[in-house]
Amino acid sequence: MKNAAELHQKSITEILSTKAAASLLRISTAGSVDDGKSTLIGRLLHDSKSLFEDHLSKLERTRNSKHLDFAALTDGLRAEQEQGITIDVAYRYFSTPKRTFILADTPGHEQYTRNMATGASTADIAIILIDARQGVMPQTRRHTWIASLLGIQHILVAVNKMDLVKWDQNKYDQICQSYTEISDKLNFRRVDTIPLSALHGENVVNKSSNTPWYKGPTLLDILEKSEQNEDNHDQFRFPIQYVIRPHQDFRGFAGTIISGEVCVGDEIQALPSNKTSKVRSIETFNGQLSKAFAGQAVTITLSNEIDISRGSMLTHNFNKPTEAKYIESMVVWMDHNKLREGQYLTLKHTSRNIKVIVKKIDWLIEIETLKRVQATTLKLNDIAKVKLECADPIYVDPYHQNRINGAFILIDPINNATAAAGMIEEAYADDQHTENSKPAIYFLGEKKICSDHINRIQEKIRANGLSSIQIDSELLCSLDLGQWKKVFETIVYSNLSVIITSGTFWKSTESWAKAKNIKVLYY
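Since we're looking at a predicted model, the values are computed, not measured.

A.B. asks: Break down the overall build of the chain for me, with residues and values.
C.D. replies: For the chain, the count of helices and strands is 12 helices and 29 strands. Relative to its 523 residues, the chain shows a buried fraction of 51%. Considering only contacts in the chain between residues 6 or more positions apart, those separated by 24 or more positions represent 71%.

This is how it looks when you write it as structure tokens:
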């Protein structure tokens, strides 16, 4: 970091513009208890020169005979300091000349898994810490699976406390191999591994002389080059949080845009009424805007009066969410009381609360083996595929397309406790027992072309009493539009589902398939 004399040579405007231009990366730590997550974050803040003088003074007061207690920077609760563990999520902001970061320090104790899921829900990258002495633990597997469910595409495996195993490369390689067996079963775009010692600051910001066998970058180098999750600019979703009517001449609909963008003059549709209107103005505290984007809190006024209240949603009429009463979702159960089939809960989705019933628990993940096992109940920290029936229609997107509109929480209606976090995989308007018995065309995007994802689709098809055929998109490239549509039609009418390992043909197929009453699904 530049010293004070150099900083004074720049104007405040120049400094602020440089910071604004740097891209933001959201980071979440994960892993088992005592793997050193809080220490790593403290060391990262310290060595990147991101601590203020009062924080440095606090560190000096916690110094023991040898080392600074870096965990004290994030473990602020008295119970955390007394027990030496992280309980709540702690967020820390820091920046380098190349990038700005928001760090979420999440707990590793199994009892506080819900807090880990909260911290990771908005992350672009997850740092999975592994104690070099202990290796891969059950909580390591659980947190990795949750990170995958939450749509995190980049995993950074930090094998910590390497100094306690004398920087043994064989031990490091064994841990990396064990973790690869887990990550290969999930849909991560990128997995990096790094040996380090958070306590001594080796391979965190500065390279370590103790790992001549490790030729890769430091942890900070990887973070500075990591890609952000792509925002969905096509799907405008605006849940109404509050109707503002200070006098008879103004009615505005306040909320936060969760995805997409909207401009003055855009034609929009209000759900669930399906009434249409045009955006007259976009109001903010600092004045009017001509365009607003995801993440902005705004008040939208319309050109004509529509009955809209809290829980309604504004969208573009050409790209609406799915209207659904039945949803299939992955659920992380967070309550000490068990979940049972037939149980009634409250589902909170964006600004709406809806009563739901648990129709079926399809399966849960066995953490030790990562295999699916049959179940009719869920206990604390179980991860399962669950089917829910809603009392009223909701308007959702699959989680892999929209991380906010595809997510929800389940609330116990008796004590109002948050019981589960859910990620929507599929949603439909009616109970599709008969609909699912029909063959369909499944298109896989490039990021979803992996054997595990294809196997899950094939299992689902078999569960509905159907067979499937897999076709590589390259085989279709030599055919013209009419020929490959004829191929699809022949296969589907033979009662076979088709899995295409590319999304290239999806857009031109969709309208044709609807006309032929053939279901098309895009993953």
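A.B. asks: So what about the sheet that holds strand 4 (residues 125-131)? Which residues, and what values?
C.D. replies: A sheet is described by the order of its strands in space; here 6 strands give the open sequence 2-3-1-4-5-6, paired in mixed fashion. Taken across any chain shown, the strands that pair with only one partner, and hence form the sheet edges, are strand 2 (90-95) and strand 6 (190-195). Across this sheet, the average inter-strand angle for adjacent strands is 20°, counted without regard to direction. Summarising the sheet, strand 4 and strand 5 (residues 154-160) pair through 7 bridges and their orientation is parallel. Residue Ile 125 lies in a different strand from strand 5, and its bridge partner there is His 154. Of the strands in this sheet, strand 1 (24-31), strand 2, strand 3 (100-105) and strand 4 are in contact with helix 3 (residues 37-47), which crosses strand 3 at around 155°. Packing against the sheet, helix 8 (residues 169-183) makes contact with strand 4, strand 5 and strand 6, and its axis sits at approximately 160° to strand 6.

A.B. asks: Please give an account of the environment of Thr 346 that cites residues and values.
C.D. replies: Turning to its location among the elements, Thr 346 is positioned in strand 19 (residues 344-349). Sequence separation of Thr 346 and Cys 390 is 44 residues, and the distance between their C-alpha atoms is 9.3 Å. When sequence neighbours within four positions are dropped, the list of residues in contact with Thr 346 reads Asn 353, Ile 354, Ile 409, Leu 410, Ile 411 and Pro 413.

A.B. asks: Please set out the environment of Ala 297 residue by residue, giving values where relevant.
C.D. replies: Note on placement: Ala 297 falls in strand 15 (residues 297-302). We classify Ala 297 as exposed; its relative accessible area is 56%. Taking C-alpha positions, Ala 297 is 5.6 Å from Gly 255, a pair spaced 42 residues apart along the chain. Discounting residues that sit within four places of it in the chain, Ala 297 has contacts with Gly 255, Thr 256 and Thr 284.

A.B. asks: Break down unusual backbone geometry for me, citing the residues and quoting the values.
C.D. replies: In this chain, Leu 271 is followed by Pro 272 through a cis amide linkage whose omega measures 15°. Locating Pro 272 in the fold gives a position in the loop between strand 11 (267-271) and strand 12 (275-284). Positive phi, normally seen in glycine, also occurs at Lys 166, with a value near 60°. Using a relative accessible area of 75% as the deciding quantity, one classes Lys 166 as exposed. Phi at Asn 203 takes a positive value of approximately 70°, unusual for a residue other than glycine. As for its placement among the helices and strands, Asn 203 is situated in the loop between strand 6 and helix 9 (219-225).

A.B. asks: Report on the side chain of Glu 224, specifying residues and quantitative values.
C.D. replies: Position of Glu 224 among the secondary structure elements: in helix 9. Taking relative accessible area as the criterion, Glu 224 reaches 17% and is therefore assigned buried.

A.B. asks: Could you give me a rundown of helix 8, with the residues and numbers involved?
C.D. replies: Its 15 residues give helix 8 an end-to-end C-alpha distance of 21 Å, which sits within 8% of 21 Å, the value for a rise of 1.5 Å per residue. Residues of helix 8 that are buried include every one of Tyr 172, Ile 175, Cys 176, Tyr 179, Ile 182 and Ser 183, and no others. The arc that holds every buried residue of helix 8, seen down its axis, measures 110°, which confines them to one face. Elements in contact with the buried residues of helix 8: strand 4, helix 7 (138-149), strand 5 and strand 6. For helix 8, the N-terminal capping position is held by Asp 168, with its side-chain oxygen 3.0 Å away from the main-chain nitrogen of Asn 170.

A.B. asks: Account for helix 7, naming residues and giving values.
C.D. replies: Counted at 1.5 Å a residue, the expected span for helix 7 with its 12 residues is 16 Å, and the 17 Å between its end C-alpha atoms agrees. Within helix 7, 10 of the 12 residues are buried, leaving the element largely enclosed by the surrounding structure. When we look at burial in helix 7, the residues that qualify are Gln 139, Thr 140, Arg 141, Arg 142, His 143, Thr 144, Trp 145, Ile 146, Ala 147 and Leu 149. Count one or two residues on from helix 7 and you reach Gly 151, which has phi positive near 80°.

Rules used in this analysis
Residues numbered from 1 in each chain as written. Predicted model: local features only at pLDDT ≥ 70, side-chain atom pairs only at ≥ 80, totals over all residues. Heavy atoms only, no water. Helix = DSSP H or I, 4+ residues; strand = E, 2+ residues; numbered from the N terminus. Buried < 20%, exposed > 50% of the residue type's maximum accessible area, 1.4 Å probe, protein only. Contact = heavy atoms within 4.5 Å. Pairing = 2+ DSSP bridges. Axes fitted to C-alpha atoms, helices over the stretch in contact; angles between N-to-C directions. Expected span 1.5 Å × (residues − 1). Arc of directions from axis to C-beta. Polar contact = N/O pair within 3.5 Å; in protein donor to acceptor, adjacent residues only side chain to side chain.

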